[in-house]
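Summary of the model geometry
Here are the chains, one letter per residue:
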Amino acid sequence: MRVLVTLMLILSSLSIAQESVQEFQDAFLAGEVTWDAVLERAQDEGEVAWFHWGGSEELNLWIESVVKPDLADLGITLNTSRVPDTRDAVDLVIADAAVGRGLGEGTVDAVWINGENFFTLASQDLLFGPFADKLPNSQNFLWDETNPQAAINLFDNGYPTSLQEIPWASFQYVCMIDTARLAPEDAPSTFAELETWLRANPGRFAYVRPPNYIGNVFVQAVLYAFNPDGTGFAPFQQDIAEVDAAELTRVVEPGLAYLQNIAPFLLGGSGQEDNSGANRPGAVIYPETEAANRTFFVNGEVDMFCQFGAFSAAIGIDNGTFPETVENIIFPTSGMIANKSFIAISDNAPNPAAALVLADYLSSVENQASKLQFLGYAPGIDAPLLSEDAQMQLAEAAPELLGVTFADLAEVRVPEANASLVEVLETVWIEVIVQGSERPLLDIVEDALAARQN
């Protein structure tokens, strides 16, 4: 009897806790909660669980030495989970929901996210709700739907954010070289030049293996460049519901053929083709992570290294990761993918008020300037909305841009593929490039689309 009473008390307290979270969530999203009340509740919660990509020691150190102490000053303990891929955090949110962990009972409060991962949570209704324009620092962002410049905040890889995430940083995919090994004038600037250079220098380049997002971006850039219609990224902006399998097959086939052609000449490949011209990939190495690929570059095994972040070369030189001879190059001139990354809050966040405080803190000019100075992550906030003093603060925090100019980067900036298509392109790449499938490409594309649509 005593056990039964205890169980009933526990269930009752859980029910009350859920009701409290629901009331807070509804009231906040309705604009009925003052920020002081949010801060007070966040201090009562006492902690926040932030899941973020942990593949950069510089990032991890900055979070520990800057973000954690600042949140402690607000009465909140920051608990970070460093995941090798954001998809791991997304899978955890989904798993929590699948076992019935409701409001306030989840594992993840906030997650650094964008693209396909945001689409996955948003399309399954697993996010807190439209909070982004209700934070004090939301004034630092463009939200006006009539302003074209606001589109990058309102859409994430072509999918509406619906204010369920707030921008944290801006990134552009850039490649760098060590000029002591590869002179800038000899570095490839197009994919055609990359193939020519690889055939003359086999094994001196690698790209990260999809589904890692760095690998996805490289593959997308190839598909854009070899779009047979010459319309670049345009057909890849469609939502999956609008995509015709035969048309997508036609558009991606030349790019996949290119990736097959260069495979034998990548790191670990055989460096040759047989007499029939068929590819012999050998033990091609597709690094699993950006960090692994960076290691190949630092160790001199490859001569080009690609990642997000135009300031990364300067930051790497300053912290001793890269030699002083490293600089950025414009590659490929057909289009270098740019995006924003965001902070989202899970629907069943155990500490929703603390998660809101974290998101607001990360959106401040001061934090954005610190992140820019120490990590080279370009601001997610929108400069036109900032005061002259704030703009100057960001300008003074910016590291040196090596080898390229902002004008150079702006000229080749292109968007990522629609988030709903990313997993389809990953699946096709794996079967065609890694598995060397001999099935008709149309069948592969049809199956990939069907799996995602279902």
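Values in this document were obtained by computation on a predicted structure and should not be read as measured data. Each chain carries its own residue numbering, running from 1 in the direction its sequence is written. At least 70 in pLDDT is required for a residue's local features to be given in this predicted model, at least 80 for side-chain atom pairs to be given and counted, and no such filter applies to totals for whole chains, interfaces and linings, which use all residues. To get the side-chain values, all heavy atoms of the structure are used, and hydrogens and water are removed first.

**A word on the pairing of strand β3 (residues 110-113)**
Rules: The buried label goes to any residue with under 20% of its type's maximum accessible area, the exposed label to any with over 50%, and the partly exposed label to all in between, with areas taken from a 1.4 Å probe on protein chains only. Secondary structure is summarised from DSSP: a helix means a run of H or I of at least four residues, a strand means a run of E of at least two, and numbering begins at the N terminus for each. Should DSSP find at least two bridges between two strands, the strands are taken to pair.
Residues Ala 110 and Trp 112 of β3 are buried on one face, and the alternating residues Val 111 and Ile 113, pointing to the opposite face, are buried as well. Of the pairings in the sheet, the one linking strand β1 (residues 47-53) to β3 comprises two bridges and is parallel in character. Bridge assignment links Phe 51 to a residue of β3, and that residue is Val 111. Across four bridges, the pairing between β3 and strand β9 (residues 336-345) is antiparallel. Note on β9: the bridge partner recorded for Trp 112 is Ile 343.

**Structural notes on the state of the cysteines**
Put simply, the test is: The disulfide definition used here is simple: a pair of cysteine sulfur atoms within 2.5 Å.
Evaluation of the coordinates by the stated rule reveals one disulfide. Note that Cys 175 is cross-linked by a disulfide to Cys 306, the S-S spacing being 2.0 Å. Here Cys 175 and Cys 306 share a disulfide; its torsion about the S-S bond, 100 degrees, makes the bridge right-handed. Within this pair, whereas Cys 175 is found in strand β6 (residues 165-178), its partner Cys 306 is found in strand β7 (residues 304-308), the two being separated by 131 residues in sequence. Residue classification places Cys 306 among the buried residues on the basis of a relative accessible area of 3%.

**Concerning the pairing of β6**
Summarising burial for β6: 13 of the 14 residues are buried, a large majority. Pairing analysis gives seven bridges linking β6 to β9, with the strands arranged antiparallel. Paired with Phe 171 across the bridge in β9 is Asn 339. Inspection of the sheet shows β6 paired to strand β10 (residues 378-379) by two bridges, in the antiparallel sense.

**Comments concerning the environment of Ile 330**
Our working rule: Contact between two residues is taken to exist if any of their heavy atoms lie within 4.5 Å; hydrogens are not considered.
Tracing the sequence through the fold places Ile 330 in the loop between β8 (326-329) and β9. The residues touching Ile 330, leaving out its near neighbours within four places in the chain, are Pro 188, Ser 189, Met 336, Val 404, Asp 408, Leu 409 and Val 412.

**Some remarks on the layout of surface pockets**
Selection rule: With a 1 Å grid laid over protein atoms only, a set of points is called a cavity when a 1.4 Å probe fits there but cannot get out and a pocket when it is open yet has protein on both sides within 12 Å along at least five of seven lines; lining residues have an atom within 4 Å of a point. Grid points are joined across faces, edges and corners, and a volume is the space filled by probe spheres set on the points. Think of it as three bins: nonpolar holds Ala, Val, Leu, Ile, Met, Phe, Trp, Tyr, Cys and Pro, charged holds Asp, Glu, Lys and Arg, and polar takes everything else, Gly as well.
By volume, the largest pocket is sized at about 750 Å³. Taken together, 28 residues form the lining of the largest pocket, with Ser 170, Ala 378, Pro 379, Phe 406 and Arg 413 sitting closest to its centre. Elements with a contribution of two residues or more to the lining of the largest pocket: β6, β9, β10, α14 (388-397) and α15 (406-411). When the residues that make up the lining of the largest pocket are grouped by side-chain class, the tally is 19 nonpolar, six polar and three charged. Of the voids in this model, the second largest pocket is the one considered here, and its volume is about 630 Å³. Taken together, 35 residues form the lining of the second largest pocket, with Trp 53, Trp 112, Tyr 213, Glu 290 and Phe 308 sitting closest to its centre.

**Thoughts on the packing of aromatic side chains**
The line we're drawing: Two aromatic rings, drawn from Phe, Tyr or Trp (for Trp, its six-membered ring), form a pair once their centres lie within 6.5 Å of each other, and the interplanar angle then sorts them: stacked below 30 degrees, edge-to-face above 60, tilted otherwise.
Counted by the stated rule, this structure contains 32 aromatic pairs. With 5.7 Å between their ring centres and 80 degrees between their planes, Trp 50 and Trp 168 make a pair best called edge-to-face. Here the residue Trp 50 occupies a position in strand β1, and Trp 168 occupies one in strand β6, the gap between them amounting to 118 residues. Here Trp 50 falls in the buried class, since its relative accessible area comes to 0%. Here Trp 168 falls in the buried class, since its relative accessible area comes to 0%. A centroid spacing of 5.8 Å and a plane angle of 65 degrees characterise the contact between Phe 191 and Tyr 258, whose relative ring orientation is edge-to-face. Of this pair, Phe 191 sits in helix α7 (residues 191-200) while Tyr 258 is found in helix α9 (residues 245-262), placing the two residues 67 residues apart along the sequence. Taking relative accessible area as the criterion, Tyr 258 reaches 4% and is therefore assigned buried.

Shape is all these values report; function is a separate question.
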